[in-house]
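Architecture and fold: a report
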Amino acid sequence: MSTQYKPAIHFQHVDYRIGDLEILNDITGSFPQGRITTLVGPSGAGKSTLLKLCNGLISPANGEIFVKDKAIGEYDPVELRRMVGMALQSAPMISGTVYENLNLPLELQGQQLAKEQAVELLEDVGLKGDLLDRKVKELSGGQRQKVSIARTLVNKPEILLMDEITSSLDRASKLEVEELISKINRKYKTTIIWITHNLQQALEIGDYTWVMMDGQVVETGESSLLEDPQNGRVEEFVKGVVS
């Protein structure tokens with residue numbers, strides 16, 4: 001991994017297990033601050049588990065995780081999740097309007113989102129402000145995903161975790177969301193850690209890539225590694241012949 005950038009999140013010999021089942025084994029590495037890192041690998045490699053460790057949804061069995069040079073356990077959980085936001089594939093919504101969904105993170109803190117800020121958030125994700133009073137059930141899949149991302153941005157997270165957020169979208173919506181994520185990274189210098197099964201997406205959007213298999217990180221580097229992997233198992237995976 002490049003030494004040009006400070007680590008936004010650093011894993012140091014991290015293990016995670018459920019009972020006797022080992023999910024992650026000896027994960028060490030850093031996600032560079034202000035860059036886009038993609039996580040790729042076969043299903044069951046441990047990618048989603050690793051993402052949950054990044055904002056304290058779960059805790060490691062062994063090892064240390066640092067967020068901006070501070071041990072993750074030293075953060076207040078609410079403070080941590082404001083700093084480290086998460087967007088999911090399913091884009092879960094509460095019933096009601098777009099505004100009510102955008103307001104939810106602040107409502108949970110006893111605050112309220114100004115309508116002007118809500119409109120600005122929608123415009124930031126490529127949606128028109130007149131959607132604010134629209135019922136979310138009337139939105140397309142792509143619009144729902146953009147509203148989900150806008151809601152994640154309410155707390156102005158420095159780090160954004162994304163789990164397969166484009167996998168259920170049509171091609172046009174997928175391209176729009178990819179462009180949006182690149183824009184957020186450029187405009188706000190947001191560190192982005194993105195799980196994707198789409199290797200072309202990882203290659204085109206990611207600055208860096210971690211390839212995970214069987215609960216381990218087997219190769220990391222600039223995303224161009226996917227064009228010329230040095231690890232034999234990664235080469236097989238990229239070619240679509242997963243051992």
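A short tour of the structure in this document, coming up. (Residues numbered from 1 in each chain as written. Predicted model: local features only at pLDDT ≥ 70, side-chain atom pairs only at ≥ 80, totals over all residues. Heavy atoms only, no water.)

1. With respect to the overall build of the chain
Filter applied, for reference: To qualify as a helix, a DSSP run of H or I must reach at least 4 residues; to qualify as a strand, a run of E must reach at least 2; elements of each kind are numbered from the N terminus. Radius of gyration here uses only the C-alpha atoms, and the compact-globule reference equals 2.2 Å multiplied by the residue count raised to the power 0.38. The classification of residues rests on relative accessible area computed with a 1.4 Å probe and restricted to protein chains. Under 20% of the type maximum is buried, over 50% is exposed, and intermediate values are partly exposed. Residues count as neighbours in contact if any of their non-hydrogen atoms are within 4.5 Å of one another. We get accessible surface area from the Shrake-Rupley algorithm with a probe of 1.4 Å; when it comes to residues, only the shown protein chains can shield them. Only four residue types enter the charge count: Lys and Arg as positive, Asp and Glu as negative, with His and the chain ends excluded. By convention, the point assigned to a charge is CZ for Arg, NZ for Lys, CD for Glu and CG for Asp.
Within the chain one finds eight helices and 10 strands. At 18 Å, the chain has a C-alpha radius of gyration in line with the 18 Å of a compact globule built from 243 residues. Taken along its principal axes, the extent of the C-alpha atoms in the chain is 50 × 40 × 35 Å. Counting the 243 residues in the chain, one finds 49% classified as buried. If you take every contact in the chain between residues at least 6 apart in sequence, the share linking residues at least 24 apart comes to 65%. Carbon and sulfur atoms make up 46% of the accessible area of the chain, which amounts to about 11,800 Å² in all. Mean positive and mean negative side-chain charge positions of the chain (26 and 34 charges, respectively) differ by 6 Å.

2. Considering the pattern of salt bridges
We apply this condition: Only one rule defines a salt bridge in this text: a Lys or Arg side-chain nitrogen within 4 Å of an Asp or Glu carboxyl oxygen.
The final tally for this structure, using the stated rule, is eight salt bridges. For Glu-158, the salt bridge identified is with Lys-68, shortest N-O distance 2.5 Å. Here Lys-68 lies in the loop between strand S4 (62–67) and strand S5 (70–71) and Glu-158 lies in the loop between helix H5 (141–153) and strand S7 (159–163), a separation of 90 residues in the sequence. According to the relative accessible area criterion, Glu-158 is partly exposed, its value standing at 37%. Between Lys-146 and Glu-176 there is a salt bridge, with its nearest N and O atoms 2.9 Å apart. Of the two residues, Lys-146 is situated in helix H5 and Glu-176 in helix H6 (residues 171–188); the sequence distance between them amounts to 30 residues. Judged by relative accessible area, which is 8%, Lys-146 ranks as buried.

3. Points about the environment of Asp-228
Within the secondary structure layout, Asp-228 lies in the loop between strand S10 (216–222) and helix H8 (232–238). The exposure class of Asp-228 is exposed, given its relative accessible area of 52%. Separated by 10 residues in sequence, Asp-228 and Val-238 have C-alpha atoms that sit 9.3 Å apart.

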